[in-house]
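# Inside the fold
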Amino acid sequence: MAKLVFPKEFLWGAATASYQIEGAWNEDGKGESIWDRFAHTPGTIYENQNGDIACDHYHRYEEDVELMAEIGLKAYRFSISWPRIFPEGRGKLNPKGVYFYEKLIDKLLEKNIKPAITLYHWDLPQALEDKGGWLNRDTAKYFSEYANFMFYKFGDVVPIWITLNEPFVSAFLGYAWGWHAPGKKDMKGAFVAGHNMLLAHGLAVQAYRDGGYKGNIGITINVATVYPETNSEEDLKAAEKQDAFGNRWFIDPIFKRKYPEIIWRILEENNWSFVFPASDFDIISSPIDFMGINYYTRNIVAYDKNSHLGVKRVEGPNEHTDMGWEVYPDGLYDILIQLYRDYKIPIYITENGAAYNDTVEDGRIRDINRINYLKEHIKRAYFAIRDGVDLRGYFVWSLMDNFEWAHGYSKRFGIIYVDYNTQKRILKDSAYFYKKIIEENGVDG
Ligand SMILES: N=[N+]=NCCCCNC(=O)[C@@H]1[C@H]2[C@H](O)[C@@H](O)[C@H](O)[C@@H](CO)[C@@H]12
């Protein structure tokens, strides 16, 4: 069995997000976020659960960093709760909120774990939502002010910055389909929100450059590799449309200074062809240092005249995770090759992982299915590097079981098990598997 050894500097990490793990939703001066508001609204979340306590990471961060060190993480990707810093989104600062992240970052650095900060992982200050949220173009400016403060505070010690996590998901699930905060069902709003998020991203990148910081800044995009059900002309066209809509919508404006053709067509068909000032694309396309991708599964599509965009999804034949997502490791290899071919930019896998219905048996969690998922995807990451992709790192989703948005705590993605009744953490077998990967900087072929 050959050992597939990664480049020496390859960055092995794990990822979380503020609303999903911190808790302390209204403690020490933190302002309300749109996820606090949404999760407190009955009927939005599985069993009306919420992130008021979550993994209580706000109080347990020292223990959690110790566990990261035990696993041997080289980096830890986490997000900042914007309303913990600026309770109203801008203006009055909350020193206790800043202090929490200062202590967390100091602890990470003490353990030689590189902090990788996501500035926005969906928890917009409710006070800004009350002024239109992402439908209000000013929110982009407020975001860049918040980002500028974070750069000023931590720009000299944090080497990796991600402006937004998955703008497609936060724009579409939040504004078009209403499954996520702020729970709006307004397709036009999704396009406006998406555009203002991209503007926010660009303004933050400009602030980072103006500050002369030495680290790297990028964005995290969720991607699902697209395959046509058959090689018919119609299915190939459907696959092309889905790839543009699902994967390139938030990438092309950054690298090509324009939306994919399919997006413009949707805007025109609905008479929503907003006149976005061309200067917006000058800001949005401010050069970034890397692209982060979150990969979980693929999409198989076929032409269907009755579906949205004339594209219907077809379920894949392989094993599925607890989220109902098909396990398809080759999709990670294919998307890495496609994105690097098209954009020639360094890439981090900022999320990859699987939810399974873990159980504790005599103090252990034998999550062999998650070990297999991680192993097969890490192998594909190796093959992508071998075939020329400048892949810099891999962050498993997630460090610990956490609040899985509308699914509440019913879906476990962690390599660390969390008993929510006691807040006890237990390293799953997958944590020990990942520890070995990191120690050997590689995986058995
Ligand atoms: N079909 N299908 N689709 C596969 C992926 C759908 C898009 N959802 C994500 O990528 C979210 C991302 C988020 O950053 C994190 O906060 C979430 O906890 C994980 C797990 O859900 C993933």
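Residues numbered from 1 in each chain as written. Predicted model: local features only at pLDDT ≥ 70, side-chain atom pairs only at ≥ 80, totals over all residues. Heavy atoms only, no water.

### A few points about the sheet that holds strand S10 (residues 311-314)
- The strand order across the open sheet formed by three strands is S7-S9-S10, and the pairing between neighbours is mixed. The sheet is open, and its two edges are formed by strand S7 (226-228) and S10, each paired on a single side. Neighbouring strand axes in the sheet, compared pairwise and without regard to direction, differ in orientation by 40° on average.
- As defined by bridge partners, strand S9 (residues 299-303) adjoins S10 across four bridges and the pair is classed as antiparallel. Paired with Ile300 across the strands is Val314, a residue of S10.
- Sheet contacts for helix H10 (residues 233-248): S7, S9 and S10; angle to S9, the most-contacted strand, approximately 130°. (Pairing = 2+ DSSP bridges. Helix = DSSP H or I, 4+ residues; strand = E, 2+ residues; numbered from the N terminus. Axes fitted to C-alpha atoms, helices over the stretch in contact; angles between N-to-C directions. Contact = heavy atoms within 4.5 Å.)

### Thoughts on the sheet that holds strand S5 (residues 160-165)
- If you walk around this closed barrel you meet the eight strands as S2-S3-S4-S5-S6-S8-S11-S12, and the pairing is parallel. The mean inter-strand angle of the sheet, taken between neighbouring strand axes irrespective of direction, is 25°.
- Pairing geometry for strand S11 (residues 347-352) and strand S12 (residues 391-397), over four bridges, is parallel. Within S12, the residue paired with Asn352 across the bridge is Val396.
- Sitting on the sheet, helix H8 (residues 167-176) is in contact with strand S4 (114-120), S5 and strand S6 (216-223), with an inclination near 50° to S6.
- Strands strand S2 (11-15), strand S8 (290-295), S11 and S12 of the sheet are contacted by helix H15 (residues 368-386), whose axis makes an angle of about 170° with S12.

### Description of the UniProt feature "binding site: substrate" (unreviewed entry) in the protein
- Using the residue numbers shown here, the UniProt feature "binding site: substrate" (unreviewed entry) corresponds to Gln20, His121, Asn165, Tyr296, Trp397, Glu404 and Trp405.
- Along the chain, Trp397 falls in strand S12.
- By relative accessible area, which is 4% here, Trp405 ends up buried.
- Leaving out residues up to four positions away in the same chain, Trp405 has contacts with Tyr19, Gln20, Trp35, Ile45, His121, Trp122 and His180. (UniProt positions renumbered as here; feature names shortened; annotations may be inferred. Buried < 20%, exposed > 50% of the residue type's maximum accessible area, 1.4 Å probe, protein only.)

### Structural notes on the site of the ligand
- Around the ligand, 15 residues are found, and the nearest of them are Gln20, Glu166, Glu351, Glu404 and Trp405.
- Between the ligand and Asn165, the relevant distance is 3.0 Å, taken from an oxygen atom to a side-chain nitrogen or oxygen of the residue.
- Considering the ligand on its own, with 510 Å² of exposed area, one finds that the protein chains cover 85% of that surface.
- For the shell around the ligand, the class distribution of residues is seven nonpolar, five polar and three charged. (Near = heavy atom within 4 Å. Polar contact = N/O pair within 3.5 Å; in protein donor to acceptor, adjacent residues only side chain to side chain. Areas by Shrake-Rupley, 256 points an atom, 1.4 Å probe, with all protein chains shown as cover. Nonpolar A, V, L, I, M, F, W, Y, C, P; charged D, E, K, R; others polar.)

### Quick look at the packing of aromatic side chains
- The final tally for this structure, using the stated rule, is 57 aromatic pairs.
- Taking the centre distance of 6.0 Å and the plane angle of 50° together, the rings of Phe151 and Tyr213 count as tilted. Residue Phe151 is located in helix H7 (residues 138-154), and its partner Tyr213 is located in the loop between helix H9 (187-210) and S6; the two are separated by 62 residues in the primary sequence.
- We classify Phe151 as buried; its relative accessible area is 0%.
- Residue classification places Tyr213 among the buried positions, given a relative accessible area of 18%.
- Where Trp325 meets Phe413, the ring centres are 6.3 Å apart and the plane angle is 50°; that geometry is what we call tilted. Here Phe413 lies in the loop between S12 and strand S13 (416-419) and Trp325 lies in the loop between S10 and helix H14 (330-343), a separation of 88 residues in the sequence.
- When its relative accessible area of 30% is taken as the criterion, Trp325 is described as partly exposed.
- The positively charged end of Arg84 is found above the aromatic ring belonging to Phe100, 5.9 Å away from the centroid.
- Sitting above the plane of the Tyr340 ring, Lys344 keeps its charged end 5.5 Å from the centroid. (Phe/Tyr/Trp six-rings, centres within 6.5 Å; stacked < 30°, edge-to-face > 60°. Lys NZ or Arg CZ within 6 Å of the ring centre and 35° of its normal.)

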